[in-house]
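# Fold and geometry: a report
Here is what each chain is made of, one letter per residue.
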Amino acid sequence: MNWLDPEPFLRGVAWRGTSGRPLRADPAQLGRLPLDVVERAALPVGVRLEFTAEGASAVEIRYRAEVPAPSEPLAPLAHTFAVWTSERRVSETTVPPAGEATVRLRLRPCGGPFIVHPPQAAAPRILGLRGIGGTLRPVPAGPRWLVHGDSITEGWWSTRPAHAWPAAAGRALGLDTVNLGYAGAARGELATAEQLASLPADVLTLAFGTNCWSGVPSSAPLLYETTRAFLALVRRGHPHTPLLLLSPLLHPAAERTPNALGATLSALRAAMERRPGTAPKTATATSTCFLAATC
């Protein structure tokens, strides 16, 4: 049984490196990004396979992965491949770390569509796939959703890649989700805004700000200006694309605690939510807002 080229089946790919491995930042522009963004962008978070399976009882996937050393933080993580429909998990298989291997995943007789979420920590590159007892066909890609944010968006340390909120929302809404969440980062880097502007998109979501309280501290006035500049750069490439800006989720330890520049997370949230031309509003500890950004 011949192996199928995975390219028509892959979804969630933003860019590719010189080896063909999916990347989540423009490889020609890595020098303009902070090192933590570059490191997170090397992981194929959100990249998956989507297909129907006529008569197939299982799918085999041949892949090449990185094998972490026992001392590395990612070494204890299970390398689990999971099959999903839009509504529920079908099956999953946990495999030992391997440089190159094949995994078999059981399918339901419904024929799909099915979604295979590979293990992100091992950064696997899919080399081929084939149906066992039937025929696999790629599913047409849905509207392309670019979603940018920090670890909450990336879904880092989620139980499984399929459990990250962009993956769950994308399945429910039939979107081709491109996850550009960077754990520990996403502080309004303007080079990232320009990269988002360069990618095709049917809808965009921006969900940053939490790490502006801690990782690289920001003041409220600085985050206000950074947010406006970020939106302006994204809008250069997407002047009419629907765009949603999410201010930081509630974080009790940070709501009323000043960072190194004296800003609480409540104050940073209020700065992000403030509309141009309005006076700064009083920050509250419960004002998580979802702002449809049209500027």
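Computed from a predicted model, the values in this text were never measured in an experiment.

We now examine the pattern of salt bridges. With the rule as written, the count across this model stands at 17 salt bridges. A salt bridge links glutamate 54 to arginine 137, with the nearest nitrogen and oxygen atoms 2.9 Å apart. Residue glutamate 54 is found in strand E4 (residues 48-54), and its partner arginine 137 is found in strand E11 (residues 135-138); the two are separated by 83 residues along the sequence. Given the relative accessible area of 43%, arginine 137 is considered partly exposed. Note that glutamate 100 is salt-bridged to arginine 64, the shortest N-O span being 3.1 Å. Here glutamate 100, found in strand E8 (residues 100-106), pairs with arginine 64, found in strand E5 (residues 58-64); they are 36 residues apart in sequence, far enough to count as distant. The exposure class assigned to glutamate 100 is partly exposed, which follows from its relative accessible area of 44%.

Looking at the secondary structure, you find alanine 197 in helix H4 (residues 190-198). Judged by its relative accessible area of 17%, alanine 197 falls in the buried class. Placed 35 residues apart in sequence, alanine 197 and alanine 232 show a C-alpha to C-alpha distance of 9.7 Å. Those residues in contact with alanine 197 that lie beyond four places of it in its chain are Leu233, Val234, Gly237 and His238.

Right, let's talk about the pairing of strand E10 (residues 125-132) for a bit. Burial within E10 is extensive, with 7 of its 8 residues counted as buried. Where E5 and E10 come together, 7 bridges link them in antiparallel fashion. Pairing of arginine 62 across the sheet is with glycine 128, part of E10.

With that settled, the discussion passes to unusual backbone geometry. In this structure, the amide linkage connecting glycine 112 to the following residue, proline 113, adopts the cis form with an omega of 5°. You will see that alanine 186, though not glycine, has its phi angle at about 55°, which is positive. Within the secondary structure, alanine 186 is located in the loop between strand E13 (176-181) and H4.

Glancing now at the nonpolar core. Side chains of nonpolar character tend, in soluble globular proteins, to be buried together. In terms of nonpolar packing, the biggest core is built from 35 residues, with Leu180, Leu206 and Phe208 touching the most fellow members. The dominant element in this core, judged by the number of residues it contributes, is helix H5 (residues 220-237), at 5 residues. Aside from chain neighbours lying at most four places away, what touches leucine 206 is His148, Leu196, Phe230, Leu231, Leu243, Leu244, Leu245 and Leu246.

This part takes up helix H7 (residues 265-273). Burial of H7 is extensive: 8 of the 9 residues sit out of reach of the surface. Considered for burial, the residues of H7 that qualify are Leu265, Ser266, Leu268, Arg269, Ala270, Ala271, Met272 and Glu273.

With that out of the way, let us pick up the packing of H5 against H7. Across the interface, H5 lies against H7 with an axial gap of 8 Å and an inter-helix angle of 35°. Our pair here, H5 against H7, has a crossing hand that is right-handed. In this structure, H5 uses Ala220, Leu223, Tyr224, Thr227 and Arg228 to contact H7, whose residues at the interface are Ala267, Leu268, Ala271 and Met272. The residue makeup of the contact of H5 with H7, split by class, is 7 nonpolar, 1 polar and 1 charged.

Inspection of the entire model under this criterion finds 4 aromatic pairs. For the pair tyrosine 63 and phenylalanine 81, a centre-to-centre distance of 4.9 Å together with 50° between the ring planes defines the contact as tilted. Here tyrosine 63 is found in strand E5, whereas its partner phenylalanine 81 is found in strand E6 (residues 79-84), with 18 residues between them in sequence. For tyrosine 63, a relative accessible area of 4% gives the class buried. Here arginine 130 stacks its cationic end above the ring of tryptophan 3, 3.9 Å away from the centre of that ring. Over the ring of tyrosine 224 we find arginine 274, and its NZ or CZ is 4.1 Å from the ring centre.

On the surface, a cluster of nonpolar side chains totalling about 250 Å² of accessible area is made up of Ile152, Trp165 and Leu249. Tracing the chain through its elements places leucine 249 in the loop between strand E15 (243-246) and helix H6 (252-255).

Definitions and limits used
Residues numbered from 1 in each chain as written. Predicted model: local features only at pLDDT ≥ 70, side-chain atom pairs only at ≥ 80, totals over all residues. Heavy atoms only, no water. Salt bridge = Lys/Arg side-chain N within 4 Å of Asp/Glu carboxyl O. Helix = DSSP H or I, 4+ residues; strand = E, 2+ residues; numbered from the N terminus. Buried < 20%, exposed > 50% of the residue type's maximum accessible area, 1.4 Å probe, protein only. Contact = heavy atoms within 4.5 Å. Pairing = 2+ DSSP bridges. Core = buried A, V, L, I, M, F, W, Y, C linked by side-chain atoms within 4.5 Å. Axes fitted to C-alpha atoms, helices over the stretch in contact; angles between N-to-C directions. Left-handed = near helix turned anticlockwise from the far one by under 90°. Nonpolar A, V, L, I, M, F, W, Y, C, P; charged D, E, K, R; others polar. Phe/Tyr/Trp six-rings, centres within 6.5 Å; stacked < 30°, edge-to-face > 60°. Lys NZ or Arg CZ within 6 Å of the ring centre and 35° of its normal. Patch = residues over 30% accessible without salt bridge, like charges linked within 9 Å, V, L, I, M, F, W, Y side chains within 5 Å. Areas by Shrake-Rupley, 256 points an atom, 1.4 Å probe, with all protein chains shown as cover.

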